[in-house]
Amino acid sequence: MVQKYQSPVRVYKHPFELIMAAYERRFPTCPLIPMFVASDIVNEFKSEDAAIHIVERRCKLDVDAPRLLKKIAGVDYVYFIQKNSLNRRERTLHIDAHNETFSNRVVINEHCFYSVHPDNEDWTCFEQSASLDIKSFFGFESTVEKIAMKQYTSNIKKGKEIIEYYLKQMEEEGITYLPRWMPSITHSSEINTSSSGRPVSPALNIPVTASKDSMNCMDVVNSSGSPTEAMTGTPDDKLDADYIKRYLGDLTPLQESCLIRLRQWLQETHKGKIPKDEHILRFLRARDFNIDKAREILCQSLTWRKQHQVDYLLETWNPPQVLQDYYAGGWHHHDKDGRPLYVLRLGQMDTKGLVRALGEESLLRHVLSINEEGLRRCEENTKVFGRPISSWTCLVDLEGLNMRHLWRPGVKALLRIIEVVEANYPETLGRLLILRAPRVFPVLWTLVSPFIDDNTRKKFLIYAGNDYQGPGGLVDYIDKEIIPDFLGGECLCDVPEGGLVPKSLYRTPEELENDDIKLWTETIYQSASIFKGSPHEILIQIVEASSVITWDFDVCKGDIVFNIFHSKRAPQPPKKDTLATHSITSLGGNNVQLIDKAWQLGRDYSMVESPLICKEGESVQGSHVTRWPGFYILQWKFHSMPACATTSLPRVDDVLASLQVSSHKCKVMYYTEVIGSEDFRGSMTSLESSHSGFSQLSAATTSSSQSHSSSMVSR
């Protein structure tokens, strides 16, 4: 498996010329990197005006590997080829390196890039990326991979320290300024020698004028419609690696790389509505920084937030009076680590009465609002305490817990709440303090513990009786002066005391069914299943030409092809098939086909947009300005991977891709809207302004700055 690394952009608050002078002092050897034994120049080129300087070196490394492995490999040292392309005119340095030793067994490629900070010309930016692909190594592939990643991680950590070491050395020598390159009439002639002094062939692919627009990642980050516009709450010094430590915590270089790579993928597939780094990092931590697993659960959560408009919960949710009076929970200061503290007096709460009076949906919505408030408080505390705070502490008082809390519908509601919270708010619970656990608690714990993630369970501290009052109890985690009064402290706690919900407030199941707040059904989005050979289609009738059809959909599972067709005649509504027909429509439940099988493309209906292939996890928005009145059909179709053109056998990648979609089934969640041309101010304006953003996790969705006369899809 190919291992990849992508660094955040690191910032040196020194001019480019000083950084280059410090960098050159690393050669031919660097005592700060013991494994870097030596380096020899094999090619060197200077342009006539001295603006371009290209050096190719052969570097000798003493890799810290077991003696037995070196003996089996038959080498004591590993050699790398490093090519440095310095452009003094553009003030950039590109560094490309690859391994020479065992190149047929192990493929290592690294690219580093120094450039001027886009907002401060006296600062220098640095970033690097690398890949490792071990094809074979005498049966020690896993060992070699671990050694390589360990060595690389160690060198990454030292990189900035080495530059700063030589900068300090230069300062002690009185070198604090170096002039920038300026064009002049006379320059030294071209140098083209080897380390032995003998002439050699000039280096190939000489970038006489490096394209700053194409190579400088800062231009991408700061350009119009850039990802930075979609990520609010991020400080201005986002380009500095210090931002990661200040707002996200201590991460290893490989963890930083996972964050950067997952964020880049989201920028490509979820333009304008990706979450903040803190939220992405929670999902990475929940899956031990496995990018593929973290991406899967994060995409599912983003789709869930969008479908149920969870981002607007704090603005729209007003707890019913019953909750305000009888829900015994609330926020109470913070713990010793600065985490927001939530107090829940579960033992005093009438869970049966709340479920009977409000219904399961209202309780779920209230718990989600608590979690949303927790995210907001974590962000505030991060600013107040000057260190990253990404989780909160929950204190649960079980005094009064008894068998009535094990009422079956109440436990069912609790399990559902736990399931939803675990899936969408991972790594938000920093610590759970369970106090005064009675004898019935093990029964409740047996019921709920299987639904709680292993990493979350490790954060539970359970105290029986009054054990919490002594050493190792509350005082270890909460300042004495804020311990609630009902737990023996001196701080008045505003959390409601709970109590029995009057039966006069109970509602019948029929009333709850008809009048309950349906979190799962209050959504503008619809879901559909797509099967192989059975697309999902919706009909839009257009009365006036030049109307605008807009769409917003997420591919929840599998890969699909999106099409738009036009017909002058209305398709016949689908018939209700019985199970005896074994139809896909019956099995899918939400799959509708409108185009008659007897219709011919080009005669009965026409294609008005080029087909668009959409991958699993992608979020797609777009619009189409209609040229004719009539009937437009939006179609989502199962995407079958094409077989290799040179053989009748399928490719391995195609087979693996098809296996990922169980039972040849895809799922999409979609919303469409027709806008009059006079109201259309740009692609997705209406959808973006009201439904498509992740307001609490990122900025408002980026709006389009110009109208389009044809379809535009941003993925």
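Structural data are supplied above this passage.
First, a word on what this report is: a plain description of the structure on this page. (Residues numbered from 1 in each chain as written. Predicted model: local features only at pLDDT ≥ 70, side-chain atom pairs only at ≥ 80, totals over all residues. Heavy atoms only, no water.)

### Digging into the overall build of the chain
(1) Moving on: Scanning the chain from N- to C-terminus turns up 20 helices and 23 strands.
(2) Moving on: The 715 residues of the chain split such that 48% are buried.
(3) Moving on: Carbon together with sulfur atoms contributes 51% to the accessible area of the chain, which is approximately 35,800 Å² in total. (Helix = DSSP H or I, 4+ residues; strand = E, 2+ residues; numbered from the N terminus. Buried < 20%, exposed > 50% of the residue type's maximum accessible area, 1.4 Å probe, protein only. Areas by Shrake-Rupley, 256 points an atom, 1.4 Å probe, with all protein chains shown as cover.)

### Considering the pairing of strand 11 (residues 392-397)
Working note: regular strand, side chains alternate between the two faces of the sheet.
(1) Moving on: Burial analysis of strand 11 places six of its six residues in the buried class, which makes it a mostly covered element.
(2) Moving on: Burial along strand 11 is two-sided: Trp392, Cys394 and Val396 facing one way and Thr393, Leu395 and Asp397 facing the other are all buried.
(3) Moving on: The pairing of strand 10 (residues 340-344) with strand 11 spans four bridges and is parallel. Paired with Leu341 across the bridge in strand 11 is Thr393.
(4) Moving on: As paired elements, strand 11 and strand 12 (residues 429-435) share six bridges and run parallel to each other. What sits directly across from Trp392, in strand 12, is Leu429. (Pairing = 2+ DSSP bridges.)

### Comments concerning the pairing of strand 8 (residues 120-134)
(1) Moving on: Relative to strand 8, strand 1 (residues 3-6) is paired through four bridges, and the arrangement is antiparallel. Looking at strand 8, one finds that Gln6 is bridged to Ser129.
(2) Moving on: Bridge analysis of strand 2 (residues 10-12) against strand 8 gives three bridges, and the strand direction is antiparallel. Looking at the pairing, Tyr12 lines up with Thr124 of strand 8.
(3) Moving on: As judged from the twelve bridges shared by strand 7 (residues 106-117) and strand 8, these two strands associate in the antiparallel manner. Among the inter-strand pairings, Val116 is bridged to a residue of strand 8, identified as Thr124.
(4) Moving on: Where strand 7 folds back onto strand 8 in an antiparallel hairpin, the turn is made up of two residues.

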